[in-house]
Amino acid sequence: QVQLVESGGGLVQAGGSLRLACAASGGTFSSYTVGWFRQAPGKERESVAHIMWSGGATYYSDFVKGRFTISRDNAKNTAYLRMNSLKPEDTAVYSCGTARSWGEAVRGNFDTWGQGTQVTVSS
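Here goes a summary of the coordinates provided. This structure is a prediction, so every number in the text was calculated from the model and none was measured.

What counts and what doesn't
Residues numbered from 1 in each chain as written. Predicted model: local features only at pLDDT ≥ 70, side-chain atom pairs only at ≥ 80, totals over all residues. Heavy atoms only, no water. Helix = DSSP H or I, 4+ residues; strand = E, 2+ residues; numbered from the N terminus. Rg over C-alpha atoms; globule rule 2.2 N^0.38 Å. Buried < 20%, exposed > 50% of the residue type's maximum accessible area, 1.4 Å probe, protein only. Contact = heavy atoms within 4.5 Å. Areas by Shrake-Rupley, 256 points an atom, 1.4 Å probe, with all protein chains shown as cover. Lys, Arg positive; Asp, Glu negative; His and termini not counted. Charge placed at Lys NZ, Arg CZ, Asp CG, Glu CD. Polar contact = N/O pair within 3.5 Å; in protein donor to acceptor, adjacent residues only side chain to side chain. Pairing = 2+ DSSP bridges. Phe/Tyr/Trp six-rings, centres within 6.5 Å; stacked < 30°, edge-to-face > 60°. Lys NZ or Arg CZ within 6 Å of the ring centre and 35° of its normal.

## As for the overall build of the protein chain
Move 1: A tally of helices and strands in the protein chain yields 1 helix and 11 strands.
Move 2: Tracing the protein chain from N to C terminus, the helices and strands come up as β-β-β-β-β-β-β-β-β-α-β-β.
Move 3: The C-alpha atoms of the protein chain give 13 Å as radius of gyration, which agrees with the globular expectation for 123 residues (14 Å, within 12%).
Move 4: Dimensions along the principal axes, computed over C-alpha positions, put the protein chain at roughly 40 × 25 × 25 Å.
Move 5: Counting every position in the protein chain, which comprises 123 residues, the buried fraction comes to 43%.
Move 6: Within the protein chain, residue pairs in contact and separated by at least 24 positions form 57% of the contacts whose partners lie at least 6 positions apart.
Move 7: Working note: accessible area of the protein chain is about 6,200 Å², and carbon and sulfur atoms make up 47% of it.
Move 8: In the protein chain, the 12 positive side-chain charges and the 9 negative ones have mean positions that sit 5 Å from each other.

## Things to note about the side chain of Arg38
Move 1: Relative to the assigned elements, Arg38 resides in strand β4 (residues 33–39).
Move 2: A distance of 2.7 Å separates the side chain of Arg38 from the side chain of Glu46, its partner in a polar contact.
Move 3: A distance of 3.0 Å separates a polar atom in the side chain of Arg38 from a polar atom in the side chain of Tyr94.
Move 4: Residues in contact with Arg38, not counting those within four places in the same chain, are Glu44, Arg45, Glu46, Val48, Phe63, Val64, Phe68, Glu89, Asp90, Ala92, Val93 and Tyr94.

## Some details on the environment of Ala21
Move 1: With respect to the helices and strands, the residue Ala21 is situated in strand β3 (residues 18–25).
Move 2: With relative accessibility at 16%, the residue Ala21 sits in the buried group.
Move 3: With 40 residues separating them in the primary sequence, Ala21 and Ser61 have C-alpha atoms 19 Å apart.

## Topic: the pairing of β3
Move 1: Relative to β3, strand β1 (residues 3–7) is paired through 5 bridges, and the arrangement is antiparallel. Paired with Ser7 across the two strands is Ala21, which belongs to β3.
Move 2: Here 6 bridges tie β3 to strand β8 (residues 78–83), and the two strands are oriented antiparallel to one another. From the neighbouring strand, Cys22 faces β8, where its bridge partner is Ala79.

## Re unusual backbone geometry
Move 1: Here the phi dihedral of Asn77 falls at roughly 55°; this positive angle occurs in a residue that is not glycine.
Move 2: Here Asn77 lies in the loop between β7 (68–73) and β8.
Move 3: In this model, Ser85 sits at a positive phi of 50°, which is unusual for a non-glycine residue.
Move 4: The residue Ser85 is located in the loop between β8 and β9 (92–99) in this model.

## Observations concerning the packing of aromatic side chains
Move 1: Scanning the entire structure with this criterion turns up 3 aromatic pairs.
Move 2: Look at Phe37 and Phe110: their rings are 4.8 Å apart centre to centre, the planes differ by 80°, and that puts the pair in the edge-to-face class. Of this pair, Phe37 sits in strand β4 while Phe110 sits in the loop between α1 (102–106) and β10 (112–113); the two residues are 73 residues apart in sequence, bridging distant segments of the chain. Residues Phe37 and Phe110 agree in their burial class; the two are buried.
Move 3: Seen in terms of ring centroids, Phe37 and Trp113 are 4.7 Å apart; in terms of plane orientation they differ by 65°. Their pairing is edge-to-face. Linking Phe37 in strand β4 with Trp113 in strand β10, this pair joins segments that are 76 residues apart in sequence.
Move 4: Looking at Arg45, its charged tip hangs above the ring of Trp113, at a distance of 3.7 Å from the centre.
Move 5: Across the ring face of Phe29, the terminal group of Arg72 is positioned such that the distance to the ring centre comes to 4.7 Å.

See below:
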């Protein structure tokens, strides 16, 4: 089974940028859809972006469209989330997860998760 480790979080001023990485080990990372999610204190986890195993399809939540970019490098077993024009409301723990197919991802069926990385955006 694939294991995921996120990195790249930190403290950044509003308007700044960060790039998160989701490194996978074990399993067949290249066959999975990868999703980025976030959870702010006192709020439920919400979907940020998904990317198909081939990179051929992506999905973005409305609140990040035009600011965030999801990508992956299957040769490195790593997915990325480039975050530009960050806002204080983007502050959250960001986690990545894998789904067995795009259809499962659309249904919200992610079955493997990393531990998350904290992103804090100051105003």
